[in-house]
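Summary of the model geometry
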Amino acid sequence: MEGFNVVFHINESIKWAMLLANVSNLIKDLGQENIVIKVVANGAAVVDYISNDNKDNNELLNRISELWKLGVDFIACKNSLVGNKINENLLPKFVTIVPAGVTELVKRQSEGYSYIRP
Amino acid sequence: MEGFNVVFHINESIKWAMLLANVSNLIKDLGQENIVIKVVANGAAVVDYISNDNKDNNELLNRISELWKLGVDFIACKNSLVGNKINENLLPKFVTIVPAGVTELVKRQSEGYSYIRP
Amino acid sequence: MEGFNVVFHINESIKWAMLLANVSNLIKDLGQENIVIKVVANGAAVVDYISNDNKDNNELLNRISELWKLGVDFIACKNSLVGNKINENLLPKFVTIVPAGVTELVKRQSEGYSYIRP
């Protein structure tokens, strides 16, 4: 495995700002070409992937979109989408759905990814 | 190491519902026979292992018991039991005591377990 | 790698008491000579490294100083210091500054350190 691999875990809406700052700092510090970053959202944190009229939400989705363009994978847990009654079709194109977010966290760590829970 | 190995960490009572949902989803997604799961409770989270008259607590212990029957290990930190003035004899049979929960978290990770902090 | 290696992650002031108790228990349980411990503070948690007139803060810094004498590394994220408008010169001698706390968390894990997020 060349470079670094990291999986971030978020399950609370309030942690998004901290998580995105962490991801930005990591890319700035190590260089985009030296790191693979996956962000796994489950629990209530998946709600924020859905665009609404809120200004903070708009800004959040803009920042996520910018980081996605830099190669960061943003992932939503299907169990959490169902639990929060979210229609998958409403998710932005930059979000990937996995059957269980927790499985993603386990599999990536078993492949050698570091785990960070902001 | 065949299959997957995961250690969950909980130190806040409020996280139990999320943690048990994560554990259930992991078992459903990967299959019970393909995963070893240990749940380490320290800090205030050990209090919830003790049965009381509260309906939510009853439901929590029922869910823990069901997952234990599926092979999940539930662990309590002895330091935290002492700190919370909990008599060990009051713990349900499905809870294992370790001297320090944090040591368990370190040792399992050093053996290759993934770490998840809901 | 002989013995155990652990990196603790803290980004909320409220978690310091739990974190220091975890670190103390780990040293007591495994023996100081068998474990390397690094504590990475980022986000709002870096603020508590700065001495103020508050009694709780004094006690916290005393405990950190004692653990540092036992060999524990205490680290502050420079991005977070800047974000919280903290003058680096005010940091106690037992705190090391790194450019990005999150990078430290990734690099240590890639070297085999266990990760704990109290």
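These remarks concern the structure in this document. Everything quoted here is computed from the prediction, not taken from an experiment.

Conventions adopted
- Residues numbered from 1 in each chain as written.
- Chains lettered and ligands numbered in written order.
- Predicted model: local features only at pLDDT ≥ 70, side-chain atom pairs only at ≥ 80, totals over all residues.
- Heavy atoms only, no water.
- Pairing = 2+ DSSP bridges.
- Helix = DSSP H or I, 4+ residues; strand = E, 2+ residues; numbered from the N terminus.
- Axes fitted to C-alpha atoms, helices over the stretch in contact; angles between N-to-C directions.
- Contact = heavy atoms within 4.5 Å.
- Buried area = accessible area lost by both parts, 1.4 Å probe.
- Salt bridge = Lys/Arg side-chain N within 4 Å of Asp/Glu carboxyl O.
- Polar contact = N/O pair within 3.5 Å; in protein donor to acceptor, adjacent residues only side chain to side chain.
- Nonpolar A, V, L, I, M, F, W, Y, C, P; charged D, E, K, R; others polar.
- Parallel < 35°, antiparallel > 145°, perpendicular 65-115°, else oblique.
- Left-handed = near helix turned anticlockwise from the far one by under 90°.
- Least-squares fit on C-alpha atoms with pLDDT ≥ 70 in both.
- Buried < 20%, exposed > 50% of the residue type's maximum accessible area, 1.4 Å probe, protein only.
- Expected span 1.5 Å × (residues − 1).

**Comments concerning the sheet that holds strand β3 (residues 73–77) of chain B**
Residues and elements named next belong to chain B. Pairing within the open sheet is parallel, and its five strands lie in the order β4-β3-β2-β1-β5. The outermost strands of the open sheet, each flanked by one partner alone, are β4 (95–98) and β5 (114–116). The sheet shows a mean angle of 25° between the axes of neighbouring strands, taken without regard to direction. As paired strands, strand β2 (residues 35–41) and β3 are joined by four bridges and run parallel to one another. Paired with Lys 38 across the strands is Asp 73, a residue of β3.

**What to know about the interface of chain C and chain A**
In this assembly, 18 residues from chain C lie in contact with 15 residues from chain A. Summed over both partners, the interface of chain C with chain A buries about 1,300 Å², with 61% contributed by carbon and sulfur atoms. We note a salt bridge from Lys 15 of chain A to Glu 12 of chain C, for which the minimum N-O separation is 3.2 Å. Connecting chain C to chain A are eight residue pairs in polar contact (both at pLDDT 80 or more). Element by element, the count of residues in the side of chain C that touches chain A is highest for helix α4 (residues 101–110) of chain C, at seven residues. In terms of residue class, the side of chain C that touches chain A is built from seven nonpolar, eight polar and three charged.

**Concerning the packing of helix α1 (residues 16–30) of chain C against helix α2 (residues 55–69) of chain C**
Residue and element names in this part refer to chain C. Between α1 and α2, the least distance of the axes is 11 Å, while the angle of their chain directions is 25°. Considered as vectors, α1 and α2 are oriented roughly parallel to each other. In this structure, α1 meets α2 at a crossing whose hand is left-handed. Two secondary-structure elements touch here, α1 through Trp 16, Ala 17, Leu 20, Ala 21, Val 23, Ser 24 and Ile 27 and α2 through Leu 60, Arg 63, Ile 64 and Leu 67. Here the residues of the contact of α1 with α2 sort into nine nonpolar, one polar and one charged.

**Notes on the relation of the copies chain C and chain A**
Here chain C sits on chain A after a turn of 120° about the axis and a move of 0.0 Å along it, with an RMSD of 0.0 Å. Taken together, the rotation angle and the small translation identify this as a three-fold axis. In this assembly the copies use different faces: only 11% of the residues contributing to the interface of chain C also contribute to that of chain A.

**Things to note about the pattern of salt bridges**
The tally for this structure, following the rule as stated, stands at 21 salt bridges over all chains. Across the pair Arg 117 of chain B and Glu 12 of chain B runs a salt bridge, and its minimum N-O distance is 3.6 Å. Taken together, the positions of Arg 117 of chain B in the segment after β5 and Glu 12 of chain B in the loop between β1 (4–10) and α1 (16–30) put the pair 105 residues apart, joining distant regions of the chain. Owing to a relative accessible area of 25%, Glu 12 of chain B belongs among the partly exposed residues under this scheme. Each of Glu 12 and Arg 117 of chain A together with Lys 15 of chain B takes part in a single network of salt bridges with overlapping partners.

**Focus on α1 of chain C**
Here α1 of chain C spans 21 Å end to end across 15 residues, near enough to the 21 Å set by a 1.5 Å rise per residue. Those residues of α1 of chain C that fall on the buried side of the exposure criterion are Trp 16, Leu 19, Leu 20, Asn 22, Val 23, Asn 25, Leu 26, Ile 27 and Leu 30 of chain C. Looking at the buried positions of α1 of chain C, the neighbouring elements they touch are α3 (78–83) and α4 (101–110) of chain B together with β1 (4–10), β2 (35–41), α2 and β3 (73–77) of chain C. Gly 31 of chain C, located one to two residues past α1 of chain C, shows a positive phi value of around 90°.

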